[in-house]
Amino acid sequence: MKKILQERDRRISASHNSYIRKVGPPHSRSKKRKNAAISYFNRRVIFSPVDLSLSSKELHTSTMEFICAIESESKLHRVFVDFQYVTDISAAALVLLAGHLDRLVSKRPSGQIVIGSKTSTSKAGLFLEESGLSYVVNRSSGPSDDGVICGSGSVHRFLDEIMGRVSLEGFHDEMTAEQELLCYAAISEALLNVHYHAYKYASDDDKINKPWWLYTKVSFGKLHLALYDRGAGIPETLPRRPFFDRLKQLVELNIHSDASLISGAMEASRTSTGMEKHGKGSVNIKALVDSDASCHLLIYSNRGLYQHKLGEQDILADVPRSVMGTLLQWVIPIRPVLGGKDEKRD
């Protein structure tokens, strides 16, 4: 498994080398400047895309190329990641970026990666503080109350903090008992899956620490709750589970499709596969969105995408670039606030 993960990361990084040369601002990447590296205080500059998101193939590709450029370039150079041009970032993209930055900062020399904005008029500084990315990279000040949560180890010690945030941001502290129970069950099961399965075959510190990252964002009257881990991914771990041969007899699976394997994992809990104790998380994970037709669930794992919504056929799709792990996002309607202002799109 270690060789598989190393080869996966090497292949993905290599495929994005072209992005490293595109270091000019997103709106001014001319052919003349394509191979000209921009430096800032003796640091190689990597500009963030204008829109960080996974919602389309184009945005998914640019977001993953940006993340992989930071990883590849920071191996050889001190880098400055410039967010001055970013105008929007989705919850899924932010938690994904946080997870990769957190890992890179822990592996690179101190100060190797710096994030910020070269323009004082940019809103990037405020965004980096409020999102928690500044804390992830610098660890010089406490995390933002609304920023990304960096978790590891014991799951239960984080649940109160997460549920408090969901209750406040999504339901304005007016969650019903049923809503609270569904949210608690979904989040705890997802975190337990990370704890017991995501890093089971890891051979480095991740196997001990089992890190994950969580972020919440309100957009268009809905709460976006995103959870990411950098484990092997569902398509890698599912075939190793004891019930996999039985599962293949009960549901139609394409073992060469990451999306199909994600779907198989979600179906496993409602079939007679003889799953072990910590393998029934999909029931609770899906129950949260099955409680309301306006909710939906997205699961990215490696190069697969699974989307579930009550009353509709599940959507399976391949994605352009691997997310190098597993990312879950619940989208939940929130209660309107009288006199409240509109939120930015996600």
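Here, every reference points to the structure presented above.
What you are looking at is a predicted structure, and each value in this text was computed from that prediction instead of being measured. (Residues numbered from 1 in each chain as written. Predicted model: local features only at pLDDT ≥ 70, side-chain atom pairs only at ≥ 80, totals over all residues. Heavy atoms only, no water.)

Caption draft 1: Local environment of the sheet that holds strand E12 (residues 315–318). Across the sheet, which stays open at both edges, the seven strands sit in the order E7-E8-E9-E13-E10-E11-E12 with antiparallel pairing between neighbours. Two strands in the sheet have a free side with no partner beyond their single neighbour: strand E7 (149–151) and E12. Taken over all neighbouring pairs, the strand axes of this sheet differ in orientation by 15° on average, direction set aside. (Pairing = 2+ DSSP bridges. Helix = DSSP H or I, 4+ residues; strand = E, 2+ residues; numbered from the N terminus. Axes fitted to C-alpha atoms, helices over the stretch in contact; angles between N-to-C directions.)

Caption draft 2: Examining the environment of Val-289 more closely. Along the polypeptide, Val-289 turns up in helix H13 (residues 281–290). Residue Val-289 is classed as buried on the basis of its relative accessible area, which comes to 0%. Taking the C-alpha atoms as reference, Val-289 lies 9.5 Å from Ala-186; in sequence the two are 103 residues apart. Once residues lying within four places of it in the same chain are set aside, the contact partners of Val-289 are Cys-295, His-296, Leu-297, His-308, Leu-310 and Trp-330. (Buried < 20%, exposed > 50% of the residue type's maximum accessible area, 1.4 Å probe, protein only. Contact = heavy atoms within 4.5 Å.)

Caption draft 3: Expanded view of the pairing of strand E8 (residues 212–219). With eight of its eight residues buried, E8 lies for the most part within the structure. Neither face of E8 is exposed, since Trp-212, Leu-214, Thr-216 and Val-218 on one face and Trp-213, Tyr-215, Lys-217 and Ser-219 on the opposite face are all buried. Pairing analysis gives three bridges linking E7 to E8, with the strands arranged antiparallel. Residue Gly-151 lies in a different strand from E8, and its bridge partner there is Trp-212. Pairing of E8 with strand E9 (residues 222–229), which is carried by seven bridges, proceeds in the antiparallel orientation. Opposite Tyr-215, over in E9, you have Ala-226 as the bridge partner. Between E8 and E9, which pair antiparallel one after the other, the connecting turn spans two residues, and Phe-220 there sits at a positive phi close to 50°.

Caption draft 4: Looking closely at the side chain of Lys-286. Relative to the assigned elements, Lys-286 resides in helix H13. Once you skip the residues sitting within four places of it in the chain, Lys-286 turns out to touch Met-266, Glu-267, Leu-297, Tyr-306 and His-308.

Caption draft 5: Local environment of the pairing of strand E2 (residues 43–47). Counting buried residues along E2, four of its five residues qualify, which places the element largely inside the surrounding structure. Sheet topology places strand E1 (residues 39–40) next to E2; two bridges connect them, and they run antiparallel. Paired with Tyr-40 across the two strands is Arg-43, which belongs to E2. Between E1 and E2, which pair antiparallel one after the other, the connecting turn spans two residues, and Phe-41 there sits at a positive phi close to 50°.

Caption draft 6: Quick look at the packing of helix H7 (residues 156–171) against helix H8 (residues 177–198). For the pair H7 and H8, interaxial distance at closest approach is 10 Å and the crossing angle is 135°. As the angle between them shows, H7 and H8 are arranged oblique. Along this stretch, H7 crosses H8, giving a crossing that reads as right-handed. Mapping the contact onto sequence places His-156, Leu-159, Ile-162, Met-163, Val-166 and Phe-171 in H7 and Gln-179, Glu-180, Cys-183, Tyr-184, Ile-187, Ser-188 and Leu-191 in H8. (Parallel < 35°, antiparallel > 145°, perpendicular 65-115°, else oblique. Left-handed = near helix turned anticlockwise from the far one by under 90°.)

Caption draft 7: Here's a closer look at the pattern of salt bridges. Applying the stated criterion to the full structure yields six salt bridges. Here Arg-44 and Glu-73 are joined by a salt bridge, their closest N and O atoms 2.6 Å apart. Pair noted here: Arg-44 is in strand E2 and Glu-73 is in helix H3 (residues 57–73), with a separation of 29 residues, a long-range link. Here Asp-88 ties to Lys-217 by a salt bridge, and the two come within 3.5 Å at their closest N and O atoms. Placement of the pair is Asp-88 in strand E5 (residues 88–89) and Lys-217 in strand E8, with a sequence separation of 129 residues. In this structure Asp-88 comes out as buried when scored by relative accessible area, which is 10%. (Salt bridge = Lys/Arg side-chain N within 4 Å of Asp/Glu carboxyl O.)

Caption draft 8: Structural detail: the sheet that holds strand E6 (residues 113–116). Reading across from one edge, E1-E2-E4-E6 is the order of the four strands in this open sheet, with mixed pairing throughout. Edge strands, defined here as strands with exactly one partner in the open sheet, are E1 and E6. Taken together, the four bridges between E2 and strand E4 (residues 79–82) define a ladder with parallel strand orientation. Bridge pairing links Val-45 to Phe-80 in E4. Here H3 sits on the sheet and contacts E2, E4 and E6; the angle it forms with E2, its principal contact strand, is near 170°.

Caption draft 9: Seen up close, the nonpolar core. Core analysis: the largest hydrophobic core is formed by 93 residues, its most contacted members being Phe-83 and Trp-330. Broken down by element, this core gets its largest block of residues, 10 residues, from helix H4 (residues 91–107). Filtering out sequence-adjacent residues up to four positions away, Trp-330 remains in contact with Ala-186, Ile-187, Ala-190, Leu-223, His-224, Leu-225, Ile-285, Leu-288, Val-289, His-296 and Leu-297. (Core = buried A, V, L, I, M, F, W, Y, C linked by side-chain atoms within 4.5 Å.)

Caption draft 10: Highlighting the environment of Tyr-184. Within the secondary structure, Tyr-184 sits in helix H8. Separated by 100 residues in the primary sequence, Tyr-184 and Asn-284 place their C-alpha atoms 9.1 Å from one another. When residues no more than four places from it in sequence are discounted, the contact partners of Tyr-184 are His-156, Leu-159 and Met-163.

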